[in-house]
Amino acid sequence: MARVLKRIESYYDAVPRSSARAEDFGPLTFFVREGADGWPFYARPALGRPDGASVADVERVRARQRELGLPEAFEWVAETTPGLRAAVEASGLVVHAHPLMVLDGDPLAVPEPEGARVRTLAADDPRLADAVAAPYAAFGATPGPGDARRVAARITAGLTALAAAFDATSGEALAGGQAQPVGDVAEVVGVGTRPEARRRGLGLAVTAELVAAARARGAGLVFLTASDAGVERLYARLGFRTVATALIAEAPAS
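How each quantity is defined
- Residues numbered from 1 in each chain as written.
- Predicted model: local features only at pLDDT ≥ 70, side-chain atom pairs only at ≥ 80, totals over all residues.
- Heavy atoms only, no water.
- Helix = DSSP H or I, 4+ residues; strand = E, 2+ residues; numbered from the N terminus.
- Rg over C-alpha atoms; globule rule 2.2 N^0.38 Å.
- Buried < 20%, exposed > 50% of the residue type's maximum accessible area, 1.4 Å probe, protein only.
- Contact = heavy atoms within 4.5 Å.
- Areas by Shrake-Rupley, 256 points an atom, 1.4 Å probe, with all protein chains shown as cover.
- Lys, Arg positive; Asp, Glu negative; His and termini not counted.
- Charge placed at Lys NZ, Arg CZ, Asp CG, Glu CD.
- Core = buried A, V, L, I, M, F, W, Y, C linked by side-chain atoms within 4.5 Å.
- Expected span 1.5 Å × (residues − 1).
- Phe/Tyr/Trp six-rings, centres within 6.5 Å; stacked < 30°, edge-to-face > 60°.
- Salt bridge = Lys/Arg side-chain N within 4 Å of Asp/Glu carboxyl O.

Engineer: Would you explain the overall build of the chain in this entry?
Structural biologist: Across its full length, the chain holds seven helices and 11 strands. The globule rule puts the C-alpha radius of gyration for 254 residues at 18 Å, and the 18 Å found for the chain is close to it. On the principal axes, the C-alpha backbone points of the chain span a range of 55 × 40 × 35 Å. Buried residues in the chain amount to 48% of all 254 residues. Partitioning the intrachain contacts of the chain with sequence separation of at least 6 by distance along the chain shows that 69% fall at a separation of at least 24. Surface exposure of the chain reaches about 11700 Å², of which carbon and sulfur atoms provide 54%. Of the side-chain charges in the chain, 28 are positive and 31 negative, and the distance between the mean point of each set is 1 Å.

Engineer: Teacher, can you tell me more about the side chain of Thr 193 here?
Structural biologist: On the secondary structure map, Thr 193 appears in strand β9 (residues 185-193). Residue classification places Thr 193 among the buried residues on the basis of a relative accessible area of 11%. With near-sequence residues (within four places) excluded, Thr 193 lies in contact with Ala 138, Leu 174, Ala 175, Arg 198, Leu 202 and Gly 203.

Engineer: Just checking my understanding: could you explain the environment of Pro 16 for this structure?
Structural biologist: Position of Pro 16 among the secondary structure elements: in the loop between α1 (2-14) and β1 (20-25). For Pro 16 and Phe 41, which are 25 residues apart along the polypeptide, the C-alpha to C-alpha distance reads 7.3 Å.

Engineer: Looking at this model, I keep getting lost on the nonpolar core. Mind explaining?
Structural biologist: Side chains of a nonpolar character, in soluble globular proteins, are inclined to be buried together. Counting residues in hydrophobic clusters, the biggest one holds 28 residues, and the most contacted among them are Val 188, Leu 202, Leu 210, Val 222, Tyr 235 and Phe 240. Elements with a minimum of two residues in this core: β5 (94-103), β7 (161-167), β8 (173-182), β9, α6 (202-216) and β10 (221-225). It is α6 that contributes the most residues to this core, eight residues altogether. Val 4, Tyr 42, Ala 73 and Val 243 belong to the second-largest nonpolar core, a separate cluster that totals 20 residues.

Engineer: Help me understand α6, please; the structure alone is not making it clear to me.
Structural biologist: Residue pairs spaced three or four apart in an α-helix point in one direction, given the helix's 3.6 residues per turn. Taking 1.5 Å of rise per residue, the 15 residues of α6 would be expected to cover 21 Å, and the 21 Å separating its terminal C-alpha atoms lies within 8% of that figure. The buried fraction of α6 is high, at 11 of 15 residues. Within the sequence span of α6, burial applies to Leu 202, Gly 203, Leu 204, Ala 205, Val 206, Thr 207, Ala 208, Leu 210, Val 211, Ala 213 and Ala 214. Taken from the residues just after α6, Gly 218 is the one with a positive phi, measuring 100°.

Engineer: What should I look at first to understand the packing of aromatic side chains in this one?
Structural biologist: The geometry of an aromatic ring pair is captured by two quantities: the separation of the ring centres and the angle between the planes. Following the criterion strictly, the structure yields six aromatic pairs and no others. Summarising the aromatic geometry, the rings of Phe 31 and Tyr 42 are spaced 6.2 Å apart at their centres and angled 80° between planes, so their arrangement reads as edge-to-face. With Phe 31 in strand β2 (residues 28-33) and Tyr 42 in the loop between β2 and β3 (43-45), the pair connects residues that are 11 residues apart, well separated along the chain. Given the relative accessible area of 0%, Phe 31 is considered buried. Judged by relative accessible area, Tyr 42 falls into the buried class, the value being 9%.

Engineer: Got a minute to help me understand the pattern of salt bridges in this structure?
Structural biologist: Close approach of charged atoms lets side chains of opposite charge pair. If you walk through the whole model with that rule in mind, you get 17 salt bridges. In this structure, Arg 60 engages Asp 57 in a salt bridge whose closest nitrogen and oxygen atoms are separated by 3.8 Å. Taken as a pair, Arg 60 and Asp 57 lie in helix α2 (residues 55-67) at a separation of three residues, close to a single helical turn. Classification of Asp 57 as buried rests on a relative accessible area of 14%. Through salt bridges that share partners, Arg 21, Glu 23, Arg 64 and Glu 67 make up one connected network.

Engineer: It is not clear to me how the side chain of Asp 125 should be interpreted in this structure. Could you clarify?
Structural biologist: Relative to the helices and strands, Asp 125 is located in the loop between β6 (116-121) and α4 (128-138). For Asp 125, a relative accessible area of 16% gives the class buried.

Here's what the structure looks like:
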């Protein structure tokens, strides 16, 4: 398992670099978005550095994040960098733990969702904006004005696969998600289903489609982070298994 976590660690360091610049803070790296509509990335342990970040190191990064008007956010794997949590919490951030799950083989078969069609979208698909918006609706949010354009550009560049489940009658996107491949590793991210369409197996079907798209691009290792134990059990039905704990730190609610 140590080898799998090492591959994931290299992935976490590599994936933001296609659209962000890395700023060095000793044992920590902060990824700064490029462009006004770029993704507001996180800080994380510097690749290949020992686990030894201090409270002062964390506070230096937080000051830089505030200076740039970006979220004070850190993401890392507990088992890989166990000492960071104490420093992050001592700085005043709140840490949330989530199951980190990997799929070693192909996903287990899931039934075709009744009344829906699941497919991977091309960059010029007329339903792309709708597919991008569906996961936002799942969490009570709306996409930004440049989100669909950014996703289309990443699809064209081979950096993202986007899949969605569409209502077979209306054509509306009911669920969607993305896979982000880097080399032979891919992460499934942002899978969500509109509230009115839940409990139909759409999220699992979209995830299986994203795994297939990642495998087609050469990904031997596919992983994801489950939001909670209930979602963890759902992904286990596809064959994902929990191997570690993903930690996400953010500023406390004011």
